Amino acid sequence: MKSFDLVVIGAGGAGLFCAARAAERGFSVVALDHADKLGKKILVSGGGRCNFTNIHASPKNYVSQNEHFIKSALSRFSPQDFLAYIERHKIPYFEKKLGQLFCKDSAKLIVNMLETECKNHGAEICLNTKIIDVQKNEFFTITTENETYQAKNLVIATGGIS
């Protein structure tokens, strides 16, 4: 059994970003995904250029039962913060319309950035990993076809249907 502070189920955009940020803060992290390749949805988003944020995003653009949730989330990490992340990685981008930001080149740059951030901070990424079971007792126990993981924390970032 492998033990981590955090297991992230899903190694797409949200999962990789979560894993990288948690590892940056000193957590031991593994991101698990059933896919055979990182960032498949990222690579096709925005016509292959990845619409990675909207600089005009604000709480009024979201619907939630808890109206204060998005205010809290955006105050902790805003679209401008993500833009600084992109700029730190020297990814060229452009604004298409109404604040939508896209890579000038390929969405692959976003996938590479997320993978690099995970590697630089020590987050592990396991692809081709089918989750069989998740249990919660004192810790989370995540059983896959080949391994069992134990973690204090679990994030499920599996996204939705494309």
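Residues numbered from 1 in each chain as written. Predicted model: local features only at pLDDT ≥ 70, side-chain atom pairs only at ≥ 80, totals over all residues. Heavy atoms only, no water.

Novice: Before we move on, can you summarise the layout of surface pockets with the specific residues and values?
Specialist: Volume-wise, the largest pocket comes out at about 1,100 Å³. Lining the largest pocket are 30 residues, and of these A14, F17, F52, F77 and F82 lie nearest its centre. Contributing elements (two or more residues each) for the lining of the largest pocket: α1 (13-24), α2 (40-44), β3 (51-54), α3 (67-76), α4 (79-88) and α5 (108-121). Considering only residue class, the lining of the largest pocket consists of 18 nonpolar, eight polar and four charged. The space that makes up the second largest pocket amounts to roughly 420 Å³. Along its surface, the second largest pocket is lined by 24 residues, and A11, G12, D33, K41 and T158 are the ones closest to its centre. Among the secondary structure elements, those contributing two or more residues to the lining of the second largest pocket are α1 and α2. For the lining of the second largest pocket, the class distribution of residues is 10 nonpolar, 10 polar and four charged. (1 Å grid on protein atoms, 1.4 Å probe; cavity = no way out; pocket = protein on both sides within 12 Å on 5 of 7 lines; lining within 4 Å. Points joined across faces, edges and corners; volume = space filled by probe spheres on them. Helix = DSSP H or I, 4+ residues; strand = E, 2+ residues; numbered from the N terminus. Nonpolar A, V, L, I, M, F, W, Y, C, P; charged D, E, K, R; others polar.)

Novice: Please give an account of the state of the cysteines that cites residues and values.
Specialist: Taken as a whole and judged by the stated rule, the model has zero disulfides. Of all cysteine sulfurs in the structure, the one in C103 sits closest to C50, which takes part in no disulfide; the separation is 5.3 Å. For C50, a relative accessible area of 6% puts it in the buried group. (Disulfide = S-S within 2.5 Å. Buried < 20%, exposed > 50% of the residue type's maximum accessible area, 1.4 Å probe, protein only.)

Novice: Hey, could you go over the pairing of strand β2 (residues 29-32) for me, with residue numbers and the actual values?
Specialist: Neither face of β2 is open: one carries V29 and A31, the other V30 and L32, and all of them are buried. Pairing of strand β1 (residues 2-9) with β2 involves four bridges; the strand directions are parallel. Each residue of the ladder has a partner; that of V8, found in β2, is A31. Since β1 and β2 lie parallel, the crossover through α1 that links them has a hand, and here it is right-handed. The pairing of β2 with strand β6 (residues 124-126) spans three bridges and is parallel. If you follow V30 over to β6, its bridge partner there is E124. (Pairing = 2+ DSSP bridges. Right-handed = clockwise from strand over helix to strand, strands pointing away.)

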